[in-house]
Amino acid sequence: MRILRLKQDWKREAAQMRGQYPASSHSTHTIDEDTVAVAPDGSIQCLLLKDRIPDYQYNPAFELWDTVDDDLSNRGSVTGSPMLPGFRRDGTLGLRNRVPEEVLKIMSARQGVLGYSVGPHGKCYKTPLYIRRPELLDKNQKLIELADSLYAQALPQIHARQWAEVASKPCWRLWDTCFTTCYVVRELRCAYHPDTRNLRGVMS
């Protein structure tokens, strides 16, 4: 396992790149082996495991998830677009901000959120897409369980922390894994962005 030690100012550099799209000029070398990135305080920031998902599990998932078709109206940070007030059907301004229609019209990108989420008062619920199309998740159970197994092997302490948190709320849990949700995005080169609603101190 290669260890990539981040610079002291890595947080400042990351903040400056927020909203930009990845480009080759942002990197100094290519990482092509199992690698863990470690911050100056010793915390693990990300992990790359190479060639661990076999084709017979990856290809069917790719074909199935390529059919997700929800727009990205709620993902301004991913699209690199400012969120602006949306309009109601009657033409008045709504209460929720969204990606402007002008941006959505020129984007072919689509997304899908599968699994469970948290609603008002901490209530657990299935995502609308999972209700409409449960096969998108259920037919990929083995793949998600493999991801969980690789996570547990590579980062056992971090995995255990996430597993315990999710196990304490069984209605959120994807089978016997530490995951609650599967997010699919297609035809989009995501802008650099933070995910502020994820469980802190674990891997997504």
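Everything discussed here concerns the structure shown above.
Described in the following lines is the structure provided in the data block. (Residues numbered from 1 in each chain as written. Predicted model: local features only at pLDDT ≥ 70, side-chain atom pairs only at ≥ 80, totals over all residues. Heavy atoms only, no water.)

1. Overview of the overall build of the protein chain
Stated precisely, the cut-off is as follows: Helix numbers and strand numbers start at the N terminus; a helix is a DSSP run of H or I with at least 4 residues, a strand a run of E with at least 2. Only protein chains enter the accessibility calculation, which uses a 1.4 Å probe. A residue is then buried if its area is under 20% of the maximum for its type, exposed if over 50%, and partly exposed in between. Think of it this way: Lys and Arg go in the positive column, Asp and Glu in the negative one, and His and the chain ends go nowhere. To locate a charge, take atom NZ for lysine, CZ for arginine, CG for aspartate or CD for glutamate.
Within the protein chain, the secondary structure is distributed over eight helices and eight strands. Based on the C-alpha atoms only, the size of the protein chain along its principal axes is roughly 55 × 40 × 35 Å. For the protein chain, buried positions account for 29% of its 204 residues. Positive and negative charge centroids in the protein chain, built from 28 and 24 side chains respectively, lie 6 Å apart.

2. A word on helix H2 (residues 55–65)
Here is the rule: As used here, the arc belongs to the directions running from the helix axis to the C-beta atoms. Contact definition: two residues touch when any of their heavy atoms are within 4.5 Å.
Along H2, the positions that sit buried rather than exposed are Gln-57, Ala-61, Leu-64 and Trp-65. The buried residues of H2 occupy an angular sector of 85° when projected down its axis, which confines them to one face. Of the exposed residues in H2, those oriented more than 90 degrees away from the buried face are Asp-55, Tyr-56 and Glu-63. Residues of H2 that are buried sit in contact with strand S6 (110–118), helix H6 (135–138), helix H7 (141–154) and strand S8 (181–186).

3. Some details on the pattern of salt bridges
The condition is simple: The term salt bridge refers to a side-chain nitrogen of Lys or Arg lying within 4 Å of a carboxyl oxygen of Asp or Glu.
Taken as a whole, this structure holds eleven salt bridges when the rule is applied. Between Arg-12 and Asp-9 there is a salt bridge, with its nearest N and O atoms 2.9 Å apart. You can call Arg-12 partly exposed: its relative accessible area is 45%. For Asp-9, a relative accessible area of 25% corresponds to the partly exposed category. A salt bridge links Glu-101 to Arg-98; its shortest N-O distance comes to 2.5 Å. Through salt bridges with shared partners, a single ionic network connects Asp-69, Arg-110, Arg-186 and Glu-187.

4. Quick word on the side chain of Ser-73
Formally: Two N or O atoms form a polar contact when they lie within 3.5 Å of each other; inside protein one atom must be a possible hydrogen donor and the other a possible acceptor, and for residues adjacent in sequence the pair counts only when both atoms belong to side chains.
Note that Ser-73 resides in the loop between H2 and helix H3 (76–79). When its relative accessible area of 14% is taken as the criterion, Ser-73 is described as buried. Within the structure, Ser-73 has its side chain in polar contact with the side chain of Asp-71 (distance 2.9 Å). Excluding residues within four positions of it along the chain, Ser-73 makes contact with Met-83, Arg-98, Val-99 and Leu-104.

5. Re unusual backbone geometry
A positive phi angle, close to 55°, is found at Asp-51, a residue other than glycine. Tracing the chain through its elements places Asp-51 in the loop between strand S3 (44–48) and H2. Residue Asp-51 is classed as exposed on the basis of its relative accessible area of 71%. If you check the backbone angles, Glu-187 has positive phi at about 55° while not being a glycine. Here Glu-187 lies in the segment after S8.

6. Comments concerning the packing of H7 against helix H8 (residues 156–167)
Which entries qualify depends on this criterion: As a rule, the C-alpha atoms of each element are fitted with a line to give its axis, helices using only the stretch in contact, and angles between N-to-C directions run from 0 to 180 degrees. Should an angle fall under 35 degrees it is taken as roughly parallel, and over 145 as roughly antiparallel, whereas 65 to 115 is taken as roughly perpendicular and any remaining angle as oblique. Gly is put with the polar residues, along with every residue not named as nonpolar or charged; the nonpolar set is Ala, Val, Leu, Ile, Met, Phe, Trp, Tyr, Cys and Pro, and the charged set is Asp, Glu, Lys and Arg.
Where H7 meets H8, the axes come as close as 5 Å, and the angle between the chain directions of the two elements is 125°. Taken together, the axes of H7 and H8 lie oblique to each other. On H8, the residues that touch Asp-148, Tyr-151, Ala-152, Gln-153 and Ala-154 of H7 are Pro-156, Ile-158, His-159 and Gln-162. Class assignment of the residues belonging to the contact of H7 with H8 gives a composition of five nonpolar, three polar and one charged.

7. Concerning a nonpolar patch on the surface
The test is simple: Residues enter patches when they are more than 30% accessible in relative terms and free of salt bridges; like-charged ones are connected within 9 Å and nonpolar ones (Val, Leu, Ile, Met, Phe, Trp, Tyr) within 5 Å. To measure how exposed things are, a 1.4 Å probe is used in the Shrake-Rupley method; for residues, cover is taken only from the protein chains shown.
A surface patch of nonpolar side chains, about 310 Å² in accessible area, is lined by Ile-53, Tyr-58 and Phe-62. Here Phe-62 is to be found in helix H2.

8. Observations concerning the nonpolar core
Quick reminder of the rule: The set of buried Ala, Val, Leu, Ile, Met, Phe, Trp, Tyr and Cys residues whose side-chain atoms join them within 4.5 Å is what this entry labels a nonpolar core.
Within the largest apolar cluster, 24 residues are counted, with the highest numbers of intra-cluster contacts made by Trp-65, Leu-114, Leu-136, Leu-137 and Tyr-151. When residues of this core are traced back to their parent elements, those giving at least two are H2, S6, helix H5 (128–132), H6, H7 and S8. Apart from the residues within four sequence positions on either side, Trp-65 is in contact with Leu-114, Leu-136, Asn-140, Leu-143, Cys-182, Val-184 and Arg-186. One finds Leu-72, Met-107, Ala-109 and Leu-188 within the second-largest nonpolar core, a separate group that totals five residues.

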